[in-house]
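Examining the three-dimensional arrangement
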Amino acid sequence: MESLSAVLPITGIVLLLSILLVPLKLSTMFMFMTGAVMLVAGMGFFQLGAEMSMTPLGEGIGVQISKTRFIAVILAIGFAMGMIITISEPDLQVLAEQVPSIPNMTLILTVAVGVGIFLAMAIFRILFQINLSTILIVCYIALIGISFLVPKEFMAVAFDSGGVTTGPMTVPFIMAMGVGLASVRGDKNASSDSFGLVALSSVGPVLAVMILGCFYNPTQAAYATYQVADVVTTRDLLWEFLTSMPPYVKEVMVSLVPVVAVFAVFQLLSRRYQDWQVKRIVVGFAYTYLGLVLFLCGVNVGFAPIGSLLGSEIASAGWRWLLVPIGMLIGYYIVKAEPAIQVLNHQVESVTNGAVSAKAMNQCMSVGVSVSVGLAMLRVLTGLPIYWIVIPGYVIALVLSRFVPKMFVGIAFDSGGVASGPMTSTFLLPLSIGACDALGGNMMTDAFGVVALVALTPLIAIQLMGIQYQIVLKKGKGAAQGVQDVGGIEEPAFAAGFMDDEIFDFDEEDEDDGQS
């Protein structure tokens, strides 16, 4: 049901556009509808599988390594896990295929090293309770400084790489790992510190790819646009999807095998899981595999070509400026179809015991991504440099991080990476590329960057929600039961008990009597 409600709005928008602005062949529309059905099934299986396998594995490893006394061993494990999970990320492989002039494996390994280093740094931060906002400010100052040394054609790709790294494979594992690490501490800031691993893991790839960009010429190769398959009969339709599926079967297998191997080694060494838990996790891996195959095939074969076609047709017509409002409308709904978004939202709701609801998170993310896509379409139309948006945006986000509760800093910076998943890289990016190609713009500077912008605006939107949340708490200080249902945030009775950034101080005894 969650998958269906996420995919239906974007499907309806495309149907309306095909009637009102861009008439599509029936064969093309049937390709799109088949892709939508595969999306719904794929998201459903993936979310179930991630909950059954990736989440308990990540949390178990987090708990286990936090008990190790040797910091060097902990950091080495964090680095290795960051590399393994990143190489397994399908989103990164999608981006690598779309970036000209750099060999796929070179880009993937560069990004993996960046994630490994910064995941180790994130683990170090949790263990030693270092303020997340301080680390983020230092990292982004370094990132902005290095950006002036990178060729302008490579800037957008560098920021895009940070967004796609935190996709459906990475997010459930890394977030659960953070919860496991923080749970061992048991202090009042443990819950707020469980967030932030995704945030720091998104910075590493950007810095790594920027450095890589200094050694490659990003203008050496041309980008190949998507082509819509021409099918005549239902048999042709079925054959198109069946013949397109084997690469994704292999791709997801290659992605999942290292994670399964990590689980096997971890279980052999720790004996953490009982037999029934092992069986459940194995079944979860099977669901995850099936879900990702269906999702990626449906998105790449059914959705991506339609996105490119819509962008091209709208941009080449007399109403090209409609790209901005249409992009904003698509962005508002498409973020709900990202598999990892629902994982993040449910984990936030669970960790905060409902204080930050999945509904409130969805609304904030939708507004943020809507603004992102509108700005991306504006860049395609005007050639506006990405510097003028990304640098002020991150400055605003970092300034806000000094004034919002610690919990919301971690959630906000995590959400930025999570929002830019496979739907962004396989629908919004082709939409932007199709429009840029029709307008004769520069692909590297104008079309790429949509993933980076999608990763940026949720940082600001969710921190603004955090400021509103803090204001509500201060107004309700002294009230016996706290504040209920303000701005989409369902606030339980325990809210009045934590003020001045001391967020979510509760234990199992509190949970038992319903007061946490």
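Small disclaimer: the values here were computed from a predicted structure and weren't measured.

**Some points on the side chain of Thr-288**
- Secondary-structure assignment places Thr-288 in helix α12 (residues 275–316).
- Not counting residues within four places of it along the chain, the set of residues in contact with Thr-288 comprises Phe-45, Phe-46, Gly-49, Ala-50, Ser-53, Met-169 and Leu-256.

**Here we look at the confidence of the model for the protein chain**
- The share of residues in the protein chain with pLDDT of 70 or more is 84%, and the mean pLDDT across the chain is 78.
- Low pLDDT (under 50) marks residues 480–516, which in the prediction has 72 contacts with non-local residues, meaning those over four places away or in another chain.

**Considering the environment of Val-37**
- Relative to the helices and strands, Val-37 resides in helix α2 (residues 26–66).
- With 257 residues separating them along the chain, Val-37 and Leu-294 place their C-alpha atoms 9.3 Å apart.

**Here we look at the environment of Val-262**
- The topology assignment puts Val-262 in helix α11 (residues 234–270).
- Separated by 177 residues in the primary sequence, Val-262 and Ile-85 have C-alpha atoms spaced 9.8 Å apart.
- Apart from residues no more than four positions distant in its own chain, Val-262 is found in contact with Ile-61, Met-81 and Ile-84.

**Focus: the packing of aromatic side chains**
- The full count for this structure, using the stated rule, is 7 aromatic pairs.
- Seen from their ring centres, Phe-45 and Tyr-287 are 5.8 Å apart, and the 35° between their planes marks the pair as tilted. Placement of the pair is Phe-45 in helix α2 and Tyr-287 in helix α12, with a sequence separation of 242 residues.
- Note on Tyr-140 and Phe-413: the rings are 6.1 Å apart at their centroids and 45° apart in plane angle, and the pair reads as tilted. Highlighted residues: Tyr-140 in helix α6 (residues 132–147) and Phe-413 in helix α17 (residues 406–419), separated in sequence by 273 residues. Like Tyr-140, the residue Phe-413 is buried in the burial classification.
- The structure contains a cluster of three or more aromatic residues connected by ring pairs, namely Phe-263, Phe-266, Tyr-273 and Phe-285.

**Digging into the packing of helix α15 (residues 358–382) against helix α20 (residues 450–475)**
- Here α15 crosses α20 at 140°, and the two axes come no closer than 7 Å. Here α15 lies oblique to α20, going by the angle between them. Read as a crossing pair, α15 and α20 show a hand that is right-handed. Residue-level inspection shows Ala-360, Met-361, Cys-364, Met-365, Gly-368, Val-369, Val-371, Ser-372, Val-373, Leu-375, Ala-376 and Arg-379 of α15 in contact with α20, the latter providing Val-450, Leu-453, Val-454, Thr-457, Pro-458, Ala-461, Ile-462 and Met-465.
- Looking at the contact of α15 with α20, its residues break down into 16 nonpolar, 3 polar and 1 charged.

The rules behind these values
Residues numbered from 1 in each chain as written. Predicted model: local features only at pLDDT ≥ 70, side-chain atom pairs only at ≥ 80, totals over all residues. Heavy atoms only, no water. Helix = DSSP H or I, 4+ residues; strand = E, 2+ residues; numbered from the N terminus. Contact = heavy atoms within 4.5 Å. pLDDT = per-residue confidence, 0-100. Phe/Tyr/Trp six-rings, centres within 6.5 Å; stacked < 30°, edge-to-face > 60°. Buried < 20%, exposed > 50% of the residue type's maximum accessible area, 1.4 Å probe, protein only. Axes fitted to C-alpha atoms, helices over the stretch in contact; angles between N-to-C directions. Parallel < 35°, antiparallel > 145°, perpendicular 65-115°, else oblique. Left-handed = near helix turned anticlockwise from the far one by under 90°. Nonpolar A, V, L, I, M, F, W, Y, C, P; charged D, E, K, R; others polar.

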